[in-house]
Amino acid sequence: MPAVPSILGFGAITIDDIVYVDQPLSAGKGKVLQSARAFGGNVATALAAVARLGGTAGFVGWLGSAADDEVLCDLVASGVETAFAPRHSDARPVRSRITVGSDGERFIAYDDEVMLGTAPDFPDKVLSRATVLIVDSYAIRSLDVVARARDLGLAILGDIEWSSGPATERLIGLCDHLILPLGFARTATGRRSPAEILDALWLPSRSAVVLTDGGRGVFYRGRDETGLWHLPPHRVAVVDTTGAGDCFHGAYALALTREALPADDQVTELLASTNAPSAVELKYARLDTGI
């Protein structure tokens with residue numbers, strides 16, 4: 001067997017049928033400019049980003065048993081290890097249809113009535129050799145595995161986008177690196193401002209809480225930080241936001257392992273540029289700004 005990757009993950013894997021249109025989604029309709037099929041899913045895309053940035057990543061959720069399974073082949077082609085993933089003949093990907101508007105925004109329609117999570121008896125001997133476990137909202141189907149990984153000392157990075165009630169609350173509690181879209185975080189906490197949400201989600205067991213807000217960057221609180229922070233994004237021409245958040249999660253997970261810096265020269269140049277964004281401390285006096 002190969003070495004266990006530093007970063008493991010399980011969650012939804014999708015086959016995305018993508019349609020690009022010539023109008024923003026708010027227009028209600030538009031002409032089809034291009035169609036494409038791609039493999040995706042929150043955790044799968046994050047793991048592919050880890051591999052592309054020079055880290056070691058392994059998918060450990062359910063996969064089909066056929067050697068020529070198209071999802072399996074795509075993961076392998078992306079540099080993601082699959083040798084430790086449990087197999088089942090009934091396992092299949094989530095199917096999604098994505099419409100991307102001219103402004104880069106997208107609408108995703110999906111069918112997720114499939115096997116998700118991982119095997120309930122997934123071995124501790126594999127988990128214990130990793131550093132980070134990335135999970136998405138579907139990890140509610142394998143909460144005991146997440147809990148075991150946490151007890152074994154792995155950093156649990158939770159990419160949570162929707163709630164299924166008490167099971168999701170337990171999953172959120174298990175994540176020491178909790179990353180939520182700002183919109184969902186508002187729904188989950190009943191709070192409006194990022195500062196209030198960060199405080200509401202904070203637990204002594206957390207290492208960080210991060211709220212992602214698309215083109216406005218991220219808001220975050222860290223265990224070793226003295227305040228709450230807003231980090232704006234780099235300014236780029238938006239082409240397609242599909243998978244952008246997942247790539248962020250992968251880069252975040254890789255940073256936790258400290259095993260490599262991005263190899264891509266353009267990424268290095270961008271981060272070192274004079275116009276790179278700087279974090280700004282959030283002030284409670286500014287809670288009425290509408291942020």
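Everything here concerns the structure above.
Residues numbered from 1 in each chain as written. Predicted model: local features only at pLDDT ≥ 70, side-chain atom pairs only at ≥ 80, totals over all residues. Heavy atoms only, no water.

Caption draft 1: Structural view of the overall build of the protein. The secondary structure content of the protein amounts to nine helices and 13 strands. Buried positions account for 45% of the 291 residues belonging to the protein. Contacts in the protein between residues at least 24 apart in sequence constitute 63% of all its contacts with a sequence separation of at least 6. When the accessible area of the protein is evaluated, it comes to approximately 14,600 Å², of which 52% is carbon and sulfur surface. Here the protein holds 26 positive side-chain charges and 36 negative ones, and the gap between their average locations is 3 Å. (Helix = DSSP H or I, 4+ residues; strand = E, 2+ residues; numbered from the N terminus. Buried < 20%, exposed > 50% of the residue type's maximum accessible area, 1.4 Å probe, protein only. Contact = heavy atoms within 4.5 Å. Areas by Shrake-Rupley, 256 points an atom, 1.4 Å probe, with all protein chains shown as cover. Lys, Arg positive; Asp, Glu negative; His and termini not counted. Charge placed at Lys NZ, Arg CZ, Asp CG, Glu CD.)

Caption draft 2: Representation of the sheet that holds strand β2 (residues 14-21). Pairing in this open sheet of four strands is mixed, and the strands run β3-β2-β5-β6 from one edge to the other. Only two strands of the sheet have a single partner each, and these edge strands are β3 (32-40) and β6 (106-111). Sheet twist, expressed as the average angle between the axes of neighbouring strands with direction ignored, equals 15°. The pairing of strand β5 (residues 94-100) with β6 spans six bridges and is classified as antiparallel. Across the sheet, Ile98 pairs through a bridge with Ile108, a residue of β6. (Pairing = 2+ DSSP bridges. Axes fitted to C-alpha atoms, helices over the stretch in contact; angles between N-to-C directions.)

Caption draft 3: The sheet that holds strand β8 (residues 155-159), seen in detail. Taking strand neighbours across the sheet as the criterion, the nine strands line up as β4-β1-β7-β8-β9-β10-β11-β12-β13 in an open arrangement whose pairing is mixed. Of all strands in the sheet, those bounded by a partner on one side alone are β4 (57-59) and β13 (280-281). Note: strand β1 (residues 7-10) against β4, three bridges, orientation parallel. Across the sheet, the residue bridging to Leu8 is Gly58, located in β4. Packed onto the sheet, helix α7 (residues 194-201) meets β9 (177-181), β10 (208-212) and β11 (218-222) and runs at close to 145° relative to β10.

Caption draft 4: Local environment of the packing of helix α6 (residues 182-189) against α7. As a packed pair, α6 and α7 sit with axes 10 Å apart at the nearest point and diverge in direction by 60°. Here α6 lies oblique to α7, going by the angle between them. At the point where α6 passes α7, the crossing takes the left-handed sense. In this structure, α6 uses Leu182, Ala185, Arg186 and Thr189 to contact α7, whose residues at the interface are Pro194, Ile197, Ala200 and Leu201. The residue makeup of the contact of α6 with α7, split by class, is six nonpolar, one polar and one charged. (Parallel < 35°, antiparallel > 145°, perpendicular 65-115°, else oblique. Left-handed = near helix turned anticlockwise from the far one by under 90°. Nonpolar A, V, L, I, M, F, W, Y, C, P; charged D, E, K, R; others polar.)

Caption draft 5: How the structure looks around the state of the cysteines. Taken as a whole and judged by the stated rule, the model has zero disulfides. Free cysteine: Cys175, not disulfide-bonded; nearest cysteine sulfur from Cys247 at 20 Å. Assessed through its relative accessible area of 1%, Cys175 is described here as buried. Cys247 gets classed as partly exposed once you look at its relative accessible area, which sits at 37%. (Disulfide = S-S within 2.5 Å.)

Caption draft 6: Representation of helix α5 (residues 166-174) within the structure. Taken residue by residue, α5 has Thr168, Leu171, Ile172 and Leu174 as its buried positions. Mapping the buried residues of α5 onto a view down its axis gives an arc of 160°, with all of them on the same face. Facing away from the buried side of α5, by more than 90 degrees, are the exposed residues Pro166 and Glu169. (Arc of directions from axis to C-beta.)

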